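Architecture at a glance
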Amino acid sequence: VLFHPSGRYLASTSHDATWRMWDIEAEKELLLQEGHARGTYALAFHPDGSLIVTTDLGGIARLWDLRTGRSILPLQGHVKQTVSADF
């Protein structure tokens, strides 16, 4: 899990190949994102909070635009699991 730079949101990864974003104050799920083929493992928020990168156990990382909720860039080419991310 990782806190959004604003401190209001939390993101979590899962072995069901999804990641989720939660509103801490409202205690509800905001996003349920699919797009990975294997379990998601790591994530990192851009310092301005507009982007997030997620990684999976199949070696794929994805860059997401939180303003639209869409994956904007798949980062492919790792031959092993991607287990960390950072901006």
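Scroll up to find the structure.
Reference entry: report on the structure contained in this document. (Residues numbered from 1 in each chain as written. Predicted model: local features only at pLDDT ≥ 70, side-chain atom pairs only at ≥ 80, totals over all residues. Heavy atoms only, no water.)

Concerning the sheet that holds strand S6 (residues 51–56)
Heads up, the rule is: When DSSP finds at least two bridges between two strands, those strands are taken to pair. Secondary structure elements are taken from DSSP: a helix is a run of H or I of four residues or more, a strand is a run of E of two residues or more, and numbering for both begins at the N terminus. Orientation is described by axes fitted as lines to C-alpha atoms, over the contacting stretch for helices, and by angles from 0 to 180 degrees between their N-to-C directions.
Reading across from one edge, S5-S6-S7-S8 is the order of the four strands in this open sheet, with antiparallel pairing throughout. Of all the strands in the sheet, just strand S5 (40–45) and strand S8 (70–75) have a single pairing partner and so form its edges. The mean angle between the axes of side-by-side strands here comes to 25°, regardless of whether they run parallel or antiparallel. Note that S6 and strand S7 (residues 61–65) share five bridges and pair antiparallel. The residue of S7 that forms the bridge with Ile-52 is Trp-64.

Considerations on the pairing of strand S4 (residues 28–33)
Here five bridges tie strand S3 (residues 19–23) to S4, and the two strands are oriented antiparallel to one another. Opposite Met-21, over in S4, you have Leu-31 as the bridge partner. The hairpin turn running from S3 into S4, its antiparallel successor, is four residues long, and Glu-27 in that turn takes a positive phi close to 55°.

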